[in-house]
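Working through the structure, step by step
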Amino acid sequence: MASAPSLKRMDSARGDFSPLKRFVVAKKKISDVFEQLLDYVKETSEFVEETCQNQALENIASEDQKEQIQSYADKLAVIKEVLARRNMKVAFFGRTSNGKSTVVNAMLRDRVLPSGIGHTTNCFLSVEGTDEEKAYLKTEGSDEEKSIKTVNQLAHALHMDESLDAGCLVRVFWPKSKCALLRDDLVLVDSPGTDVTTQLDSWIDKFCLDADVFVLVANSESTLMNTEKHFFHKVNERLSKPNIFILNNRWDASANEPEYMEDVRKQHTDRCVNFLVEELKVVDREQAPNRIFFVSAKEVLNSRMQRAQGMPETGGALAEGFKERLKEFQDFERTFEECISQSAVKTKFEQHTIRAKQITERVQAIMDSINIEAAEKRVAALEDRECQMDRLDFVKTQLNLLIEDIKKKIKSITADVQAKVSSAMGEEICRLNVIIEEFHADFHPSPHVLKIYKSDLLSHVEQGMGKNLAFRCSDAVNASVQSSQKDMIESLQPLLPPAMQSQIHLLVPSKKFDLSYDLNCATLCSDFQENIDFQFSLGWSALVNRYLGPANAKRALQLVDHSFQVSRAPLPLARTPSSGPPAVVQPGQPETAVMTQEELMISVATNLASLTSRTSMSVIIVGGVVWRTLGWRLIALSASLYGVLYLYEKLTWTTKAKERALKRQFVNYATEKLQLIVSFTSANCSHQVQQEMATTFARLCQQVDQTQRELEGEISRLTTKVLQLETVQSHSKTLRHKATELEVQLEDFTMQYLEPQH
């Protein structure tokens with residue numbers, strides 16, 4: 001750190017650099033250190049406040065630490081201002097007219113304060129330097145700068161101000177360019193005589209507590225008076241071992257009685273030593289003589305003013321022994337400068353230096369605490385992040401495995417459901433006649449009633465088959481679905497956070513899963529057309545139908561009788577109760593197709609061959625024999641039987657018979673239609689199961705996906721936290737290193753200025 005430029009005073013007591021520069025340099029150095037320390041504490045305060053406000057860092061820095069550092073910053077700012085105003089202070093005390101003002105002037109090498117005959121200091125006067133070129137004064141309680149150009153003006157100003165009393169302070173600012181001693185932050189305080197007031201305690205409290213050196217100006221023509229001793233006893237009570245010098249002024253009077261000079265000097269010295277050592281106990285007996293001087297301030301002042309004017313230093317009317325007295329005054333100045341420089345540095349800066357060290361140590365401890373806390377939380381965050389990353393990998397891996405496993409289970413269950421429904425539906429189709437026979441409703445062949453009857457029959461079949469299928473399949477399918485859902489939950493539950501594990505059952509439907517067997521019989525059998533007209537079983541149409549088949553019979557009838565028209569759709573025909581299995585017209589054959597004569601002959605021949613193959617020829621032969629034997633009787637009998645049979649069938653063709661015929665036709669028709677949708681219905685049921693299980697699994701997977709997102713968000717948050725903690729660690733370490741550097745500077749200052757010099 002650069003020191004202040006030295007000021008060489010060649011007329012000083014030492015003739016070289018002034019020891020007072022030590023205080024100036026120390027002040028600048030400690031001020032620079034405090035400025036750095038204040039900036040450092042402010043930076044630390046901002047860092048702690050920022051860290052404290054970051055909620056993500058979980059209160060690494062506390063509010064107490066923030067307030068503590070802020071209080072340090074406030075204290076350092078005050079100390080910095082105090083240091084800027086610090087200076088060395090020497091106070092001169094003694095009885096009235098002992099020459100206190102003259103001693104001050106002699107040290108300043110100029111007539112700064114009024115002194116001499118007719119001038120008595122009636123209040124406290126402090127003399128300090130100013131960078132301005134003009135002198136001025138300030139009275140107590142006022143900031144007004146009153147200009148003064150000469151000593152006489154100062155004396156006049158002090159005399160004319162009636163408000164000034166012995167307890168008031170007048171600050172005299174003298175240009176530093178006119179007085180070298182004032183350039184070194186030295187303040188000299190002149191006082192009224194200790195014999196003019198009894199308010200010594202208030203003097204001490206007001207003017208003496210911050211003084212570095214006290215100078216007792218005594219009259220060598222008399223002994224120390226009790227008023228002087230009493231004052232310094234009070235000073236010694238308030239301050240711990242104050243630095244006191246005793247100047248026996250007017251020692252030039254001893255030149256008139258040279259034969260008694262040594263004896264008088266010894267008497268004064270012994271009394272002063274006893275006062276300092278025995279009474280005040282501020283120095284030991286060996287050091288005490290170095291604090292006692294015999295001088296003539298008036299001679300020194302006159303000599304120095306003559307020299308300043310270019311005249312010989314020893315010129316004029318000077319008493320014998322002047323050079324010795326001048327040398328002793330210079331010894332006083334040298335000893336005084338060394339003492340006040342060391343004392344002021346210690347008294348003005350030591351406590352502040354100690355305080356700065358304490359603040360630095362405490363701030364450093366806070367930085368260490370924050371660094372340790374950040375390091376611990378960083379390690380914990382890294383471990384937590386590693387744990388979360390491992391769990392995320394586990395969740396992803398397990399989820400992929402479970403997805404494949406669940407797909408296989410769903411495929412197996414749906415295949416099983418399809419097989420069960422297909423089997424159950426086949427069985428129900430086989431017993432369709434039972435369901436239809438259970439249907440009872442008002443039946444009438446009229447179109448309107450017949451339409452209602454068929455609609456109710458379709459509804460009955462739909463409900464009956466649906467109920468039977470549900471009875472056969474639903475419970476087993478529901479048990480299988482619930483078991484699979486339970487397996488899904490048990491498989492996915494470990495992948496969810498604990499809070500969600502307790503609520504996972506809410507994701508699965510609580511109601512029973514029921515298959516929907518939507519047979520849609522109304523649409524499926526919408527084109528069913530019954531045939532409940534009477535048809536004689538041995539009639540021409542029936543016989544042709546029986547032997548030629550339904551399709552060929554229709555063509556043959558159209559070929560024989562061109563007027564023969566089939567007014568109904570090619571659907572199953574109703575028969576009388578004695579008729580055989582219903583003949584079903586094959587769909588897709590054009591109704592207008594006409595059989596050619598050749599085709600008809602071929603068909604007849606084929607059927608005749610069929611009859612032959614079925615021993616029909618035997619019957620014909622027997623019939624021929626009977627005919628030859630019985631003749632027309634057989635014909636008559638046959639005709640009678642034929643008529644009786646026709647009459648019987650006609651009479652038995654009642655409404656009930658028509659209803660039974662319709663049910664038989666519907667059984668055959670519905671059986672064929674339902675067979676067509678067995679695979680479709682079973683596939684639909686398996687799809688329902690697949691949809692149910694897939695939906696449940698999707699809901700569970702959504703929670704797992706949410707868990708993954710939460711884990712990824714937590715990992716991202718922890719990564720950010722780790723980076724922030726690393727920044728806090730780095731910053732706290734940097735601030736701690738700065739504190740160490742400041743400690744080194746404070747320690748260097750202590751070693752250089754505060755510890756005793758050997």
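Everything numeric in this text was worked out from a predicted model, so none of it was measured. The numbers attached to residues start from 1 for each chain and follow its sequence in the written order. This being a predicted model, a pLDDT of at least 70 is required before a residue's local features are given, and a value of 80 or more before pairs of side-chain atoms are given or counted; all residues contribute to the totals for chains, interfaces and linings. With hydrogens and water set aside, each side-chain value is computed from the structure's full complement of heavy atoms.

**A few points about the pairing of strand 1 (residues 88–93)**
For a regular strand, side chains alternate in direction, first toward one face of the sheet and then toward the other. Quick reminder of the rule: With a 1.4 Å probe rolled over the protein chains alone, any residue whose accessible area is under 20% of its type maximum counts as buried; one over 50% counts as exposed, and the rest are partly exposed. A run of DSSP states H or I qualifies as a helix once it reaches four residues; a run of E qualifies as a strand once it reaches two. Both are numbered from the N-terminal end. Pairs of strands are assigned from DSSP output, requiring at least two bridges between the strands.
Of all six residues in strand 1, six are buried, a share of seventy percent or more. Of the two faces of strand 1, the one lined by Met88, Val90 and Phe92 and the one lined by Lys89, Ala91 and Phe93 are each fully buried. The pairing of strand 1 with strand 6 (residues 186–190) spans four bridges and is parallel. By the bridge assignment, lysine 89 is partnered in strand 6 with valine 187. The pairing of strand 1 with strand 7 (residues 213–219) spans four bridges and is classified as parallel. For alanine 91, the partnering residue across the bridge sits in strand 7 and is phenylalanine 214.

**Quick notes on the environment of leucine 725**
Inspection of the secondary structure assignment puts leucine 725 in helix 20 (residues 678–754). Residue classification places leucine 725 among the buried positions, given a relative accessible area of 0%. In the structure, leucine 725 is positioned 351 residues away from alanine 374 in sequence and 5.5 Å away in space, judged by C-alpha atoms.

**Some remarks on the nonpolar core**
The condition is simple: By nonpolar core is meant a set of buried Ala, Val, Leu, Ile, Met, Phe, Trp, Tyr and Cys residues that side-chain atoms within 4.5 Å join together.
Val41, Leu188 and Met367 are the most contacted members of the largest nonpolar core, which totals 87 residues. The leading source of residues in this core is helix 9 (residues 322–430), at 18 residues. One finds Met425, Leu450, Met488 and Leu496 within the second-largest nonpolar core, a separate group that totals 59 residues.

**As for the confidence of the model for the chain**
Should pLDDT be low for a region, the predicted coordinates there are not to be read in detail. The criterion, for reference: Residue-level confidence of the predictor, termed pLDDT, takes values from 0 up to 100. By definition, residues are in contact when any of their heavy atoms lie within 4.5 Å.
With 80% of its residues at a pLDDT of at least 70, the chain reaches an overall mean of 81. Mean pLDDT values over the elements of the chain span from 54, in helix 16 (residues 597–613), up to 95, in strand 9 (residues 292–294). Counting interchain partners and residues more than four positions distant, the pLDDT-below-50 stretch residues 611–616 has four contacts.

**Description of the sheet that holds strand 7**
Convention followed: Every axis corresponds to a line fitted to the C-alpha atoms, with the helix fit spanning only the stretch in contact, and the corresponding angles, defined between N-to-C directions, vary from 0 to 180 degrees.
An order of 4-3-5-2-6-1-7-8-9 is seen for the nine strands of this open sheet, with the pairing classed as mixed. Among the strands making up the open sheet, the edge pair consists of strand 4 (146–148) and strand 9. Averaged over all pairs of adjacent strands, the angle between strand axes in this sheet comes to 25 degrees, irrespective of strand direction. Sheet topology note: the strand 2 (residues 124–130)/strand 5 (residues 169–175) ladder contains seven bridges and is parallel. Note on strand 5: the bridge partner recorded for threonine 130 is proline 175. The strands touched by helix 6 (residues 226–238) are strand 1, strand 7 and strand 8 (243–249); relative to strand 7, the strand with the most contacts, the crossing angle is about 170 degrees.

**Quick word on the packing of helix 11 (residues 447–492) against helix 20**
For clarity, the cut-off: By definition in this entry, angles of less than 35 degrees are roughly parallel, angles greater than 145 are roughly antiparallel, angles of 65 to 115 are roughly perpendicular, and the rest are oblique. Handedness of a crossing follows from how the near helix is turned relative to the far one, being left-handed for an anticlockwise turn of less than a right angle and right-handed for a clockwise one.
Relative orientation of the contacting elements helix 11 and helix 20 amounts to 15 degrees, with a least axis distance of 11 Å. In terms of orientation, helix 11 lies roughly parallel with respect to helix 20. Like other packed secondary-structure pairs, helix 11 and helix 20 cross with a definite hand, here right-handed. Facing Val477, Val481, Ser484, Gln485, Met488, Ile489 and Leu492 of helix 11, the residues of helix 20 in contact are Val689, Glu692, Met693, Thr696, Phe697, Leu700, Cys701 and Val704.

**Describing the packing of aromatic side chains**
Rules: Pairing of aromatic side chains here covers Phe, Tyr and the six-membered ring of Trp, requires ring centres within 6.5 Å, and sorts the geometry by plane angle: under 30 degrees stacked, over 60 edge-to-face, intermediate tilted. Note on criteria: charge over ring means Lys NZ or Arg CZ within 6 Å of the ring centre, with the direction from the centre no more than 35 degrees off the ring normal.
Counting across every chain of the model gives 22 aromatic pairs. With a centroid separation of 6.4 Å and 85 degrees between ring planes, the pair formed by phenylalanine 93 and phenylalanine 232 is classed as edge-to-face. On the criterion of sequence distance, the pair formed by phenylalanine 93 in strand 1 and phenylalanine 232 in helix 6 is long-range, its members being 139 residues apart. When sorted by exposure, phenylalanine 93 lands in the same class as phenylalanine 232, which is buried. Considering the side-chain rings of phenylalanine 349 and phenylalanine 749, the 6.2 Å spacing of their centres and the 65 degrees angle between planes classify their relative orientation as edge-to-face. With phenylalanine 349 in helix 9 and phenylalanine 749 in helix 20, this residue pair connects regions lying 400 residues apart in the sequence. No difference in accessibility class separates phenylalanine 349 from phenylalanine 749, as the two residues are buried. In this arrangement the basic side chain of lysine 178 is found over the ring face of tryptophan 174, its NZ or CZ atom lying 5.8 Å from the centre.

**A word on the environment of threonine 397**
Basically, it comes down to this: Side-chain atoms alone can form a polar contact between residues adjacent in sequence; in general such a contact is a pair of N or O atoms within 3.5 Å, and within protein one must be able to donate a hydrogen while the other accepts it.
Structurally, threonine 397 is set in helix 9. For threonine 397, the side chain forms a polar contact with the main-chain oxygen of aspartate 393, separated by 2.8 Å.

**Notes on the environment of leucine 662**
Within the fold, leucine 662 resides in helix 19 (residues 655–676). Placed 208 residues apart in sequence, leucine 662 and lysine 454 show a C-alpha to C-alpha distance of 9.3 Å. Ignoring anything within four residues of it in the chain, the contact list for leucine 662 reads Phe443, Leu450, Tyr453, Leu457, Phe528, Glu530 and Ile532.

**Here's the deal with helix 19**
We apply this condition: The span expected for a helix works out to 1.5 Å for each residue beyond the first.
Between its first and last C-alpha atoms helix 19 spans 32 Å; for 22 residues at 1.5 Å apiece the expected length is 32 Å, and the two agree. The set of residues buried in helix 19 consists of Ala657, Lys658, Glu659, Ala661, Leu662, Lys663, Gln665, Phe666, Val667, Tyr669, Ala670 and Leu674.

**Notes on the packing of helix 1 (residues 21–53) against helix 9**
Defined as follows: Just so you know the grouping, Ala, Val, Leu, Ile, Met, Phe, Trp, Tyr, Cys and Pro go in nonpolar, Asp, Glu, Lys and Arg go in charged, and all remaining residues, Gly too, go in polar.
Across the interface, helix 1 lies against helix 9 with an axial gap of 11 Å and an inter-helix angle of 20 degrees. As far as their axial angle goes, helix 9 and helix 1 are roughly parallel. In the crossing of helix 1 with helix 9, the sense of the turn from one axis to the other is left-handed. Partitioned by chemical class, the residues of the contact of helix 1 with helix 9 number 17 nonpolar, six polar and three charged.

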